[in-house]
Amino acid sequence: MLVSPSILSADWARLPEAVRLAEEGADWLHCDVMDGHFVPNLTFGPPMVGALRRLTQLPLDVHLMIDEPLRFARAFVDAGASVLTVHAEAPGVAGPGWPAPVRSRGEGGAGDEADAAPPPTSGAHPIDLPRLRATLKSLRALGVKSGLALRPDTGIDEIEPALEDVDVLLVMTVYPGFSGQAFLPAPLETIRRAVGVRRARGFDYLIEIDGGIDVAHTGPQVAAAGADVVVAGHGVYRQPDPVAAMRALRGLVTAGYAPGEDGGDA
Ligand code: DX5
Ligand code: ZN
């Protein structure tokens, strides 16, 4: 699998060293952008992405957990983003009815408050597909790979017509907002469905998994489900040997690509 460590979990007082570690073991560098509105946490914006761009040639995998992401897309592209991922559920991308409350828990800040919020509603949500597709096309027109992120409670059926416009499908295995949360297994089915749709419709998007990934337990599960790329925050930067963790994740074989199987699906 490809590995995209999340810089959010690194020690920002030693950013160049964190980037150097990524260069030794990773394929992309994941940048978690949060606006304190779409999710109950704040992180960083284009200046941080620009700083990372000056530190490395690794592709910068920018995960926008923000409202109205197109307002900021150009600034992230100019800063050096390579993949720009928007949430299907974000205001400005989804239709009315979103966002449902995000259930996040994690380190500090507004997380405690969010714990008190009711869980997100289940079932179909009113995603505005024409608007979603136009958003994804706009990302490609800006010269970056278009990423579409799904919260754990958003299913493939809700966004399937938009997959034609997707270069990277990011399936979240935690509710967005914090690193260090426990992996949720339900989206494993979303990964398997995404593999099936890609094969059936002849698409070539990469399937990226984000949230609670580690080498020992959850990494192998998502590889077996068909993940092409894994994000890991605590699973890399909070480990005694981050480079070894990245290399071990990289060594996990995506289902469909194993030697002796029937030739893969992408
Ligand atoms: C969660 C972020 C994730 C997170 C990953 O909102 O999108 O990328 O930083 O951190 P871990 O791997 O610790 O769950
Ligand atoms: Zn992320």
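Each remark here, short or long, concerns the structure printed above.
Values in this document were obtained by computation on a predicted structure and should not be read as measured data.

S.K.: Is there a simple way to think about unusual backbone geometry in this case?
M.R.: Negative phi characterises most residues that are not glycine, and trans characterises most peptide bonds. With a phi angle near 45 degrees, Glu-68 is a residue other than glycine that sits in the positive phi range. Checked against the element boundaries, Glu-68 lands in the loop between strand 3 (60-65) and helix 3 (70-79). A residue is classified by how much of its surface remains accessible, and Glu-68, at 39% relative accessible area, is partly exposed.

S.K.: Teacher, can you tell me more about the layout of surface pockets here?
M.R.: Empty space among the atoms becomes visible once a probe the size of a water molecule is rolled across them. Quantified by volume, the largest pocket comes out at close to 220 Å³. Mapped onto the lining of the largest pocket, the elements with two or more residues apiece are strand 2 (29-34), strand 3, strand 8 (229-232) and helix 9 (234-237). Split into classes, the residues belonging to the lining of the largest pocket amount to eleven nonpolar, twelve polar and two charged. Taken as a whole, the second largest pocket holds about 160 Å³ of empty space. Lining the second largest pocket we find Ser-9, Ala-10, Asp-11, Arg-14, Glu-17, Ala-18, Leu-21, Tyr-237, Arg-238 and Pro-242.

S.K.: Looking at this model, I keep getting lost on the pattern of salt bridges. Mind explaining?
M.R.: Enumeration over the complete set of coordinates arrives at 13 salt bridges. Note that Glu-164 and Arg-133 form a salt bridge whose closest N and O atoms lie 3.3 Å from each other. You can see Glu-164 sitting in the loop between helix 6 (156-159) and strand 6 (168-172) and its partner Arg-133 sitting in helix 5 (residues 129-141), a full 31 residues away along the chain. Between Asp-228 and Arg-198 there is a salt bridge whose closest N-O contact spans 2.9 Å. Separated by 30 residues along the polypeptide, Asp-228 in the loop between helix 8 (218-225) and strand 8 and Arg-198 in helix 7 (residues 188-201) bring together distant segments of the chain. No difference in accessibility class separates Asp-228 from Arg-198, as the two residues are buried.

S.K.: What is the right way to look at the site of ligand 1 in this model?
M.R.: Close contacts around ligand 1 come from 20 residues, with Asp-32, Gly-177, Asp-210, Gly-212 and Gly-233 the closest. Interatomic distance of 2.9 Å between a backbone N/O atom of Gly-180 and an oxygen atom of ligand 1. The fraction of the free accessible surface of ligand 1 (380 Å²) that becomes covered by protein chains is 99%. Among the detected pockets, ligand 1 sits in the largest pocket. Elements with a contribution of two residues or more to the shell around ligand 1: strand 2, strand 3 and strand 8. Looking at the shell around ligand 1, the element that brings in the most residues is strand 2, giving three residues. Class assignment for the residues of the shell around ligand 1 results in eight nonpolar, ten polar and two charged.

Conventions we followed
- Residues numbered from 1 in each chain as written.
- Chains lettered and ligands numbered in written order.
- Predicted model: local features only at pLDDT ≥ 70, side-chain atom pairs only at ≥ 80, totals over all residues.
- Heavy atoms only, no water.
- Helix = DSSP H or I, 4+ residues; strand = E, 2+ residues; numbered from the N terminus.
- Buried < 20%, exposed > 50% of the residue type's maximum accessible area, 1.4 Å probe, protein only.
- 1 Å grid on protein atoms, 1.4 Å probe; cavity = no way out; pocket = protein on both sides within 12 Å on 5 of 7 lines; lining within 4 Å.
- Points joined across faces, edges and corners; volume = space filled by probe spheres on them.
- Nonpolar A, V, L, I, M, F, W, Y, C, P; charged D, E, K, R; others polar.
- Salt bridge = Lys/Arg side-chain N within 4 Å of Asp/Glu carboxyl O.
- Near = heavy atom within 4 Å.
- Polar contact = N/O pair within 3.5 Å; in protein donor to acceptor, adjacent residues only side chain to side chain.
- Areas by Shrake-Rupley, 256 points an atom, 1.4 Å probe, with all protein chains shown as cover.
- Sits in = over half its atoms within 2 Å of the grid points.

By themselves, these observations are geometric and do not establish any function.
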